[in-house]
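Here are the chains, one letter per residue:
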Amino acid sequence: PSGARAPLATDPLEVLHRVFGYEAFRGAQAEVVDTVVAGGDALVLMPTGGGKSLCYQVPSLVRPGTGVVISPLIALMQDQVDALSALGVAAGFLNSTQRPDERAAVERAFLAGELDLLYLAPERLFVPSTMALLDRGTIALFAIDEAHCVSQWGHDFRPEYLQLSVLHERWLGVPRVALTATATHATRTEIVERLALHDARQVVASFDRPNITYRIVPKDNPRAQVLDLIRTEHAGDAGIVYCLSRASVEQTAEYLSAHGVPALPYHAGLDRAVRAANQSRFLREDGLVMVATIAFGMGIDKPDVRFVAHLDLPKSVEGYYQETGRAGRDGLPSTAWLAYGLQDVVQQRRLIDSSEGDAAHRRRLSAHLDAMLALCETVTCRRAQMLAYFGEESGPCGACDTCLEPPETWDGTVAAQKLLSAIVRLERERGQRFGAGHLIDVLLGKATPRVEQLGHRSLSVFGVGADLSDGEWRGVVRQLLAQGLVGVDGDGYGTLRTTPASADVLSGARTVALRRAPARATKPARSRRA
Ligand code: ADP
Ligand code: ZN
């Protein structure tokens, strides 16, 4: 190749000082950099904000040639390249958003050996002319960013990622570094398999984010709740509010704006230009709240996001961790707040039942949801439970809501039996099935028009649950759903049914421990650990 760019320095630490202006490598960075500089492969599992970029940027500058970075985040490539240029690093990108002349200029620079880093969208890589281009230049390394996108079961699957094993076959000897913030063992194994990284050094950083305090509160009126959170604890702060649906995003953004909180919507249904404008305002201005679906956020590097609020239940602990991880990248105290209620469980179970894909796929989705529900219903430290899910042991954090105000548990066996009996009676005696609302009315002995019309006053279970309030019953149903002791039909009406595990509860062979709802929404002091 013509002129492979000469390394800036042969010592990674010198590059770190001179180019990036940092004192020292952080945590696992040094190990990764040393491995890749020496020509070895690495798999890096590091939380969001952990400093993955330097793991390939520094070796790209130390090794001869251009570091080629495969990234699905084409919306961010311009920003990344600009940031590097500001540091004096020669970087370029190739993706579908470019004009042909822009693309040609980048290709020329690459061939001339003038680029330190080249960002490539995966679909660009597999265009034959790009492959031929790479053949003609000198490649320092391949970085595969967001490597969990190879996982067909994950939340960010990208089909093109499956073909990335070609890197290894076509450019033997060029070191590869795969990076992700998704840490479960299953994902890690899948990345190793699919990218043929069997010989790669696996570097796993701690996933603890000590400056984030986690709180999960009962959902009541989520918009008013999040407004209260912002007003009392995060006035003037930048934050992200996640909603499940586009409609809910728009309504929530309007609601917050109408109540004096500067908020912008972001979802895939918005015009591309609007989306880009809102994203760039969020990144550049202070104190904006982005109300978004999960389409927003991957790769967003805004250090001072002070809170991430979820108004709907995330589908998995991985998703929840990634989304909440966008808070506090600057290390300062930040809040992860989630409002969760009965309707979330019903809705998610229903989505899974009606989802495409085979039974194994649905089982997997179900397992993801169960882990998320267990996190919501836990009576022990949320942080410890989340870290345990990622295979990391830790003691109670002393800062999350369950640490600060340990929830009481109570023996909910009799309550569970009452609910299950009501479901069974109605089905066996009358061939009818109902959602939580009506069942609770029956248990409470409420003479609603529906109860009268259906003649449910005469049921033996009518009024047997009057010892609990309506809200307490909703808590019971939610937790029974979370524990798999009650199921929900895929009919779209949230109809409750028994599950195989229900029988043991009805027979008294199994007791049911339930969490008592906190008397008030917890509002702990700022994290003591930060
Ligand atoms: P990730 O890609 O893992 O989410 P980044 O690579 O974007 O994280 O890094 C997160 C932040 O930490 C960035 O602002 C980056 O400049 C900073 N950072 C990374 N490594 C170091 C270091 N060794 N010293 C100081 N700051 C660092
Ligand atoms: Zn805790």
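In the block above lies the structure referred to throughout.
Residues numbered from 1 in each chain as written. Chains lettered and ligands numbered in written order. Predicted model: local features only at pLDDT ≥ 70, side-chain atom pairs only at ≥ 80, totals over all residues. Heavy atoms only, no water.

Asker: Explain the pairing of strand β2 (residues 66–70) to me, using residue names and the numbers behind them.
Answerer: Within a regular strand, the side chains alternate between the two sheet faces. Within β2, five of the five residues are buried, which leaves the element mostly enclosed by the surrounding structure. Burial of the side chains of β2 extends over both faces: T66, V68 and I70 are buried on one face and G67 and V69 on the other. As defined by bridge partners, β2 adjoins strand β5 (residues 139–144) across five bridges and the pair is classed as parallel. Bridge pairing in β5 links V69 to A143. (Buried < 20%, exposed > 50% of the residue type's maximum accessible area, 1.4 Å probe, protein only. Helix = DSSP H or I, 4+ residues; strand = E, 2+ residues; numbered from the N terminus. Pairing = 2+ DSSP bridges.)

Asker: Outline the coordination of the zinc ion (ligand 2), supporting the account with residue identities and numerical values.
Answerer: In the first shell of the zinc ion (ligand 2), the protein supplies C381 (SG), C397 (SG), C400 (SG) and C403 (SG), at 2.3 to 2.4 Å from the metal. Bound by four donor atoms, the zinc ion (ligand 2) shows angles of 102 to 118 degrees at the metal and therefore tetrahedral coordination geometry. Ordering the donors of the zinc ion (ligand 2) by residue number gives the pattern C-x15-C-x2-C-x2-C. (Donors = N, O, S within 2.8 Å, 3.2 Å for Na, K, Ca; no water. Tetrahedral: all angles 85-135°; square planar, octahedral: opposite > 155°, others 65-115°.)

Asker: An account of the pattern of salt bridges is requested, with residue identities and associated values reported.
Answerer: In a structure, side chains of opposite charge can pair up when their charged atoms sit close to one another. According to the stated counting rule, one finds 24 salt bridges in the structure shown. Measuring nitrogen to oxygen at the nearest pair gives 2.6 Å for the salt bridge that ties R170 to D135. Within this pair, whereas R170 is found in helix α8 (residues 166–170), its partner D135 is found in helix α7 (residues 128–136), the two being separated by 35 residues in sequence. Under the relative-accessibility criterion, R170 is labelled partly exposed at 38%. The closest approach of N and O atoms between R382 and D401, which form a salt bridge, is 2.7 Å. Linking R382 in helix α16 (residues 382–389) with D401 in helix α17 (residues 401–404), this pair joins segments that are 19 residues apart in sequence. Of the two residues, R382 and D401, neither departs from the other in class, the shared state being buried. Several salt bridges converge on common partners, so that one network encompasses R99, D101 and E102. (Salt bridge = Lys/Arg side-chain N within 4 Å of Asp/Glu carboxyl O.)

Asker: Quick rundown of the site of ligand 1? Include the residues and the values.
Answerer: Around ligand 1 sit 15 residues, and of these Y22, G49, K52, S53 and R329 come closest. Note that an oxygen atom of ligand 1 is positioned 2.8 Å from one of the side-chain N or O atoms of K52. With respect to ligand 1, the side chain of R329 contributes an N or O atom lying 2.8 Å from an oxygen atom. For ligand 1, whose free accessible area comes to 560 Å², the fraction covered by protein is 78%. The element that contributes the greatest number of residues to the shell around ligand 1 is helix α3 (residues 52–62), accounting for three residues. In the shell around ligand 1, the residues fall into five nonpolar, six polar and four charged. (Near = heavy atom within 4 Å. Polar contact = N/O pair within 3.5 Å; in protein donor to acceptor, adjacent residues only side chain to side chain. Areas by Shrake-Rupley, 256 points an atom, 1.4 Å probe, with all protein chains shown as cover. Nonpolar A, V, L, I, M, F, W, Y, C, P; charged D, E, K, R; others polar.)

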